[in-house]
Every structure is written in structure tokens, then in C-alpha cells.
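Geometric and topological summary
The lines below spell out each chain.
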Amino acid sequence: MEKKELVLYSREAIARRVEELAKEVDAAYGGKEIVVIGLLRGSFVFCSDLVREMKSKMEIDFMTTSSYENNESSSGDVKVFGDLRCDVKGRDVLIVDDIIDTGHTLQTVTEAIKKMEPASVKSVVMLDKPSRREVDFSADFTGFTIDDVFIVGYGLNYGPYYRNKPYIYTYED
Ligand code: 5GP
Ligand code: MG
């Protein structure tokens, strides 16, 4: 049976928030050049929307992270496949992810980047589920804060599907 979608943020609501977020992030860097690192695969939509609203001069690169292994919740054992082309040493790095949930992913990636001796590391997420946190970590910039619900769309998957849906939704039980 088809599950019914419950839309939490429409395409328009997302676009408005991303525009504001881009201004916030730009303002925080005050015209400095940055290195943006998007975490694949979940952040590919948010990252491309965000960087196109930003004015800061930037280099854009990606890392692949995975912790789900097809479960609906993070295992805490985060795998980072870092094949960065750009040198982050001495530079200001902004990590972009779709969502911070337990916090393991962003904490692990931040620690990995810090070992590369950047000038600074900040992070931005479209969504935050603070009630699910398992580590003491928060993103520097957040689009929307949500309750503990499993969400899909705008880059977020359900199984192997639906990352391309342009809105953020959950399924009715
Ligand atoms: P964390 O390591 O903070 O627990 O989880 C971060 C990653 O888990 C996110 O980048 C995302 O890929 C995935 N994730 C967390 N919550 C959700 C959710 O509600 N829906 C989907 N599809 N993925 C999620
Ligand atoms: Mg992810």
C-alpha cells in the first residue's frame, strides 16, 4: 500500500529559508574566501541551493559519509571517504550537511578536517533534530529545527529513493 506523504516544508518555504541562511553565513565570514565541503549524498540538493545564494568567494568540494547502512538511524560508526581535491590547510572551511541527528557524522567529519589544520571549521545544516543528539555537537547555522520524525526529500532518502523530491516530508503512519 502507498504511504501518505505529510509535507513539512514546501519548496517555497525551503527557498525562503535557504536565502536567509545564505545571508547569515556570508555575514559570518565577512567577505573572506572559504572552502565549502558538502557531505554526500544527502547534502547535494541543499549544498547546491545554498552556494548559489551565497556571495562569498569559495572553492567547493565533497566528502562521502555513511553511517546508516539502510537503517533508519545512525549507528555511530561513521565512515568518512575523504578524497578532497582542495588543500584546506590554513583556510576557512564550511561543512554542509542535510541534517544533524545523533551528531556523530558532523562531529566525526569536523575532527577529520581539524587534523588538516584549517584556519577554522564551521558547519551548516538544513535540518536539526536536537532531541536525538548523542554527542555534544551543534551546527553553527541551521535551517529548520524539527521533532524526532524521519524525514524524506530535498536530498534525504527513503531506502534508495526520493532524494529528488523538492519538498521535505514525512510519512503518515
Ligand atoms: P547523524 O550522524 O547526525 O545521526 O546523522 C546524520 C545523517 O543521518 C544525515 O546526514 C542523514 O544522511 C541521516 N539522517 C538523519 N536523520 C534522517 C532522517 O530523518 N531522514 C533521512 N532520510 N536521513 C536522516
Ligand atoms: Mg548524510
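Residues numbered from 1 in each chain as written. Chains lettered and ligands numbered in written order. Predicted model: local features only at pLDDT ≥ 70, side-chain atom pairs only at ≥ 80, totals over all residues. Heavy atoms only, no water.

**Looking at the pairing of strand β6 (residues 120-128)**
Sheet faces and side chains relate simply in a regular strand, where the side chains alternate between the two faces. Most of β6 is tucked away: 7 of the 9 residues are buried. When strand β5 (residues 92-100) meets β6, the two strands line up parallel, connected through 8 bridges. Opposite leucine 94, over in β6, you have lysine 122 as the bridge partner. At this point the chain moves from β5, through helix α3 (residues 104-114), to the parallel β6, and the crossover so formed is right-handed. The pairing of β6 with strand β7 (residues 141-145) spans 4 bridges and is classified as parallel. Bridging across to β7, valine 125 finds its partner in threonine 142. (Buried < 20%, exposed > 50% of the residue type's maximum accessible area, 1.4 Å probe, protein only. Helix = DSSP H or I, 4+ residues; strand = E, 2+ residues; numbered from the N terminus. Pairing = 2+ DSSP bridges. Right-handed = clockwise from strand over helix to strand, strands pointing away.)

**Considering the side chain of serine 43**
Tracing the backbone through its elements, the reader meets serine 43 in the loop between β2 (34-40) and α2 (44-53). For serine 43, a relative accessible area of 0% puts it in the buried group. If we ignore the near neighbours within four places in the chain, the residues touching serine 43 are Gly38, Val96, Asp97 and Asp98. (Contact = heavy atoms within 4.5 Å.)

**Regarding the sheet that holds β7**
Reading across from one edge, β4-β3-β2-β5-β6-β7 is the order of the 6 strands in this open sheet, with mixed pairing throughout. The two strands at the open ends of the sheet, each matched to only one other strand, are β4 (79-81) and β7. Averaged over neighbouring strand pairs, the angle between their axes works out to 25 degrees when direction is ignored. Strands in contact with α3 are β2, β3 (58-66), β4, β5 and β6; relative to β5, the strand with the most contacts, it is inclined by about 165 degrees. (Axes fitted to C-alpha atoms, helices over the stretch in contact; angles between N-to-C directions.)

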